[in-house]
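# Secondary and tertiary structure notes
Residue strings, one per chain:
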Amino acid sequence: MKIGIPKEIKNNENRVGMTPAGVSELVKHGHEVYVQQTAGDNSGFSDKMYSDAGAKILPTIEDVYQTADMIVKVKEPIKPEYSLIRKGQLVFTYFHFACDRELTDAMINSGAVCLAYETVQLPDKSLPLLIPMSEVAGRMATINGAYYLQKTKGGKGKLICGVPGVRPVKVVVLGGGIVGQAAARVAAGMNADVVITDISLPRLRELSITMPANVNAVYSSHHNIEKEIKDADIVIGAVLIPGDKAPHLITRDMLKLMEPGTVLVDVAIDQGGCFETSHPTTHSEPVYTVDGILHYAVANIPGAVPNTSTSALTNATLKYAVALADKGWKKACKDDPALYEGLNVVEGKVTFKAVADVFNLPYEPVEL
């Protein structure tokens, strides 16, 4: 199979779809890999590293899309890429369709096969291709929250860890999944007073046992969230419903309960955000203020640490990319139910129910 790795063109997206090590593995399986010139530079992977791994370097993004049977990338295609994607082409990436009708329509019209990293799901309901970026995003959420808590950045002017004689800050994490756990653990390691919420009692029990002593697990109800955010300094939104829009756990009215300079970090922004006042921001303009509350809602948080992120992502996606290339998408998805769950839009049809429901589109499961 001919596999293409284009350069990411989303604002400040520095990751690349695959490391040279991943390319080498695909080449060993007899596949041809085409990498766009300078695609890996911002992640620390040079064209020479890719060519030494067996890839062919192509000068433009158009060349990559035109040549490849399968596109492997990081973020969802954006408008300049829509016309490059052709009927029957397999695109393997993060899509997050449920919060982007324009993207959904574009991929339906393209006739491509869109296999989304974020909905590949194992029998235990875990999301193996979302986990590595969730681990990065969760850690970064706390680090960025602490940074913007500085008075010079618009925050309250507090040091997250405090100092002897001065209390550390309070961090509230909404959602006890991979992102939330990572965020809470880093906040705890920075000596913050941490509250993590979830609606699953078994998950809360697990967190109570495994988390450091300065993390308190609290049931996620409207009443409890209102109570906890009143004196919070950083609130991290880490709620995920696979393939669906995130619920709004904090409304605009609830901002009045918080102190000016509180920092909200919405890691769920890829799925629409879990704060009513959230809208996607970029690494070049990451924050804005609503009613005195600072919002950080960068849609590609791991793009700020691309060397770590690209390596972690390739570690997770490679075995699936190899299976897709070796078998073709139909047989690979038939053989692996986890990959089947990744099929969101196939040859003009919406094949993932949550996406169909969000936009009131016909749902047609793939018959393999």
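The present account deals with the structure reproduced in this document. (Residues numbered from 1 in each chain as written. Predicted model: local features only at pLDDT ≥ 70, side-chain atom pairs only at ≥ 80, totals over all residues. Heavy atoms only, no water.)

## A closer look at the pattern of salt bridges
The test is simple: A pairing counts as a salt bridge when a side-chain nitrogen of Lys or Arg comes within 4 Å of a carboxyl oxygen of Asp or Glu. Only protein chains enter the accessibility calculation, which uses a 1.4 Å probe; a residue is then buried when its area is under 20% of its type maximum, exposed when over 50%, and partly exposed in between.
Inspection of the entire model under this criterion finds 22 salt bridges. Ionic pairing is found between E76 and K75, a salt bridge with its closest N-O pair at 3.7 Å. On the basis of relative accessible area, E76 is assigned to the buried category, the value being 10%. The buried category is assigned to K75, whose relative accessible area is 2%.

## Re the nonpolar core
For clarity, the cut-off: As used in this record, nonpolar core signifies buried Ala, Val, Leu, Ile, Met, Phe, Trp, Tyr and Cys residues forming a set joined through side-chain atoms within 4.5 Å. Helix and strand assignments follow DSSP, with helices taken as H or I runs no shorter than four residues and strands as E runs no shorter than two, numbered in order from the N terminus. The contact definition used throughout considers only heavy atoms, calling two residues in contact when any of these lie within 4.5 Å.
L115, V171, V173, I236, L324 and W329 are the most contacted members of the largest nonpolar core, which totals 76 residues. With nine residues, the top contributor of residues to this core is helix α10 (residues 306-327). In this view, V173 contacts G180, A183, A184, V194, V195, I196, T197, I236 and A238; residues no more than four positions away in its chain are not counted. A68, I71, L103 and L361 belong to the second-largest nonpolar core, a separate cluster that totals 28 residues.

## Some details on unusual backbone geometry
Phi at D291 is positive, roughly 50°, even though this residue is not glycine. Looking at the secondary structure, you find D291 in the loop between β12 (287-290) and β13 (293-296). Positive phi is not limited to glycine here, since N360 has a value of about 55°. Counting through the fold element by element, N360 comes out in the segment after α13 (353-359). With a relative accessible area of 72%, N360 lands in the exposed category.

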